[in-house]
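Here are the chains, one letter per residue:
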Amino acid sequence: MIPDFRIGQGFDVHPLVEGRKLILGGIEIPFPLGLHGHSDADVLSHALGDALLGAAGLGDLGSHFPDSDPRYQGISSLRLLEIIATLLRDKGLDIVNADLTLVAEAPRIASYREAMQGRIAAALQCPPERIHIKATTTEGLGFTGRKEGMAAYAVVLLLKKDEAQS
Ligand code: MG
C-alpha cells in the first residue's frame, strides 16, 4: 500500500523596523533591525506553521491565530508551532521532514542554524534532523535586498499513521 504522505508549503513576509528584536527560528539574533508583527514576527516559524497546517488540511495560520486576538500579541511563534503540533498529533500525522528557506540580505544566519533547527524541532517534538533551515539573499534586489523586510518559504512532508496500527 502507498504510504499516506501529505505535502504542504508555506510563505511569509514581515517588514524590518527599528526597535524590535530579530527572532528567527525561535532564536534572538543580534541585528540593528527586527521584524514587525503582532506576534514575535518569526517569519521562519510562520512559513513553517502555514506549511504544516496546509499539509494537514487545517487552513492557515491567520485563521488559527488571528492578528485581532490579544492572546497572540507578542507571543513566541514557537508556542504557535507547539499548538499546531498538537493538532497534527490529533490527526495521526507525523512530520517526515521540513525544509525552510529564509530570504534576507543580512544578517548571516549560518552560525545560528543548528540552534534554530533544535528549537523548532523541540516545539514540534520531532527529531532535529527532520528540520532543515537554509538562507539566501536576493543579491540586493527587491524589498529583501533593500533590507525592508524578510521572507521565508517552507515545504513539509507529513505521514499519516496507518489507522490499523495506531
Ligand atoms: Mg507572519
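For the structure, check the block above.
The structure reproduced in this document is the subject of the present report.

## Re the coordination of the magnesium ion
- Looking at the magnesium ion, the protein donor atoms are D12 (OD), H14 (NE2) and H46 (ND1), and they sit 2.2 Å from it.
- If you list the donors of the magnesium ion from N- to C-terminus, the spacing comes out as D-x1-H-x31-H. Here D12 is found in strand 1 (residues 5-18), whereas its partner H46 is found in helix 1 (residues 43-56), with 34 residues between them in sequence.

## Brief notes about the packing of aromatic side chains
- Applying the stated criterion across every chain yields a total of two aromatic pairs.
- Ring centres of F11 and Y153 lie 4.8 Å apart, and the angle between their planes is 40 degrees; this geometry places the pair in the tilted category. With F11 in strand 1 and Y153 in strand 7 (residues 149-160), this pair connects stretches of sequence that are 142 residues apart.
- Taken together, a centroid distance of 5.2 Å and an interplanar angle of 85 degrees make the contact between F65 and Y72 edge-to-face.

## Focus on the packing of helix 3 (residues 77-90) against helix 4 (residues 113-124)
- Put simply, helix 3 and helix 4 touch, their axes get as near as 7 Å, and they point 45 degrees apart. As judged from the angle between their axes, helix 3 and helix 4 are oblique. Residues L78, L81, E82, A85 and R89 of helix 3 touch helix 4, and the partners they reach there are R119, I120, A123 and L124.
- Residues of the contact of helix 3 with helix 4, tallied by class, amount to six nonpolar, no polar and three charged.

Cut-offs applied
Residues numbered from 1 in each chain as written. Predicted model: local features only at pLDDT ≥ 70, side-chain atom pairs only at ≥ 80, totals over all residues. Heavy atoms only, no water. Donors = N, O, S within 2.8 Å, 3.2 Å for Na, K, Ca; no water. Helix = DSSP H or I, 4+ residues; strand = E, 2+ residues; numbered from the N terminus. Phe/Tyr/Trp six-rings, centres within 6.5 Å; stacked < 30°, edge-to-face > 60°. Axes fitted to C-alpha atoms, helices over the stretch in contact; angles between N-to-C directions. Parallel < 35°, antiparallel > 145°, perpendicular 65-115°, else oblique. Contact = heavy atoms within 4.5 Å. Nonpolar A, V, L, I, M, F, W, Y, C, P; charged D, E, K, R; others polar.

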